[in-house]
Amino acid sequence: MEELLFYAVLFLLLLGHTLLAGKMYRAVHANSHLSIKEKNDWKLKALIFPAYYWFQYQKEVKQS
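What counts, and at which threshold
- Residues numbered from 1 in each chain as written.
- Predicted model: local features only at pLDDT ≥ 70, side-chain atom pairs only at ≥ 80, totals over all residues.
- Heavy atoms only, no water.
- Phe/Tyr/Trp six-rings, centres within 6.5 Å; stacked < 30°, edge-to-face > 60°.
- Lys NZ or Arg CZ within 6 Å of the ring centre and 35° of its normal.
- Patch = residues over 30% accessible without salt bridge, like charges linked within 9 Å, V, L, I, M, F, W, Y side chains within 5 Å.
- Areas by Shrake-Rupley, 256 points an atom, 1.4 Å probe, with all protein chains shown as cover.
- Salt bridge = Lys/Arg side-chain N within 4 Å of Asp/Glu carboxyl O.
- Helix = DSSP H or I, 4+ residues; strand = E, 2+ residues; numbered from the N terminus.
- Buried < 20%, exposed > 50% of the residue type's maximum accessible area, 1.4 Å probe, protein only.
- Axes fitted to C-alpha atoms, helices over the stretch in contact; angles between N-to-C directions.
- Contact = heavy atoms within 4.5 Å.
- Parallel < 35°, antiparallel > 145°, perpendicular 65-115°, else oblique.
- Left-handed = near helix turned anticlockwise from the far one by under 90°.
- Nonpolar A, V, L, I, M, F, W, Y, C, P; charged D, E, K, R; others polar.
- Core = buried A, V, L, I, M, F, W, Y, C linked by side-chain atoms within 4.5 Å.

Peer 1: Tell me about the packing of aromatic side chains, residues and numbers included.
Peer 2: The geometry of an aromatic ring pair is captured by the separation of the ring centres together with the interplanar angle, meaning the angle of the planes. Scanning the entire structure with this criterion turns up four aromatic pairs. Among the aromatic residues, those joined into a ring-pair cluster are W42, W54 and Y57. Between K45 and the ring centre of W42, over which it is positioned, the NZ or CZ distance is 4.6 Å.

Below, the structure is given as structure tokens:
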């Protein structure tokens, strides 16, 4: 039973990671003020640590 709970939590974390990475990917892709290199950097960061870099990206967008 514990193993099932562990896998359920792991699945939810993976699902959240995927959804947030996709959301950030779409937001970065739609931003026309970024260069190709900047977009690629943000997209790569979105795949690695989407929750952390989402807030970093939002700060940068607000400053611009």
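Read on for the rest.
Peer 1: Can you tell me about a nonpolar patch on the surface, naming the residues and giving the values?
Peer 2: On the surface, a nonpolar cluster with roughly 550 Å² of combined accessible area is contributed by L44, L47, I48, F49 and Y52. Tallying contributions element by element places helix α2 (residues 36–48) first for the nonpolar patch, with three residues. Here I48 shows up in helix α2. Classification of I48 as partly exposed rests on a relative accessible area of 45%.

Peer 1: Which residues make up the packing of α2 against helix α3 (residues 50–63), and what values do they have?
Peer 2: How two helices pack is summed up by the angle between their axes together with the distance between the axes. The N-to-C vectors of α2 and α3 enclose an angle of 145°; their axes lie 7 Å apart at closest approach. Counted together, W42, K45, A46 and I48 of α2 and P50, Y53, Q56, Y57 and E60 of α3 form the full contact between these two elements.

Peer 1: Describe in detail the packing of helix α1 (residues 2–30) against α3, supporting the description with residues and values.
Peer 2: Running from N to C, α1 and α3 cross one another at 30°; their axes reach a closest spacing of 9 Å. Accordingly, the angle class assigned to the pair α1 and α3 is roughly parallel. Crossing handedness for the pair α1 and α3: left-handed. Counted together, H17, L20, A21, K23, M24, A27 and V28 of α1 and P50, A51, Y53, W54 and Y57 of α3 form the full contact between these two elements. Across the contact of α1 with α3, the residue classes break down as ten nonpolar, one polar and one charged.

Peer 1: Please provide a residue-by-residue account of the nonpolar core, values included.
Peer 2: Counting residues in each nonpolar core, the largest one holds seven residues, listed as M24, V28, L34, W42, A46, W54 and Y57. When near neighbours in sequence (up to four residues on either side) are disregarded, L34 contacts V28, K39, W42, Y57 and E60.

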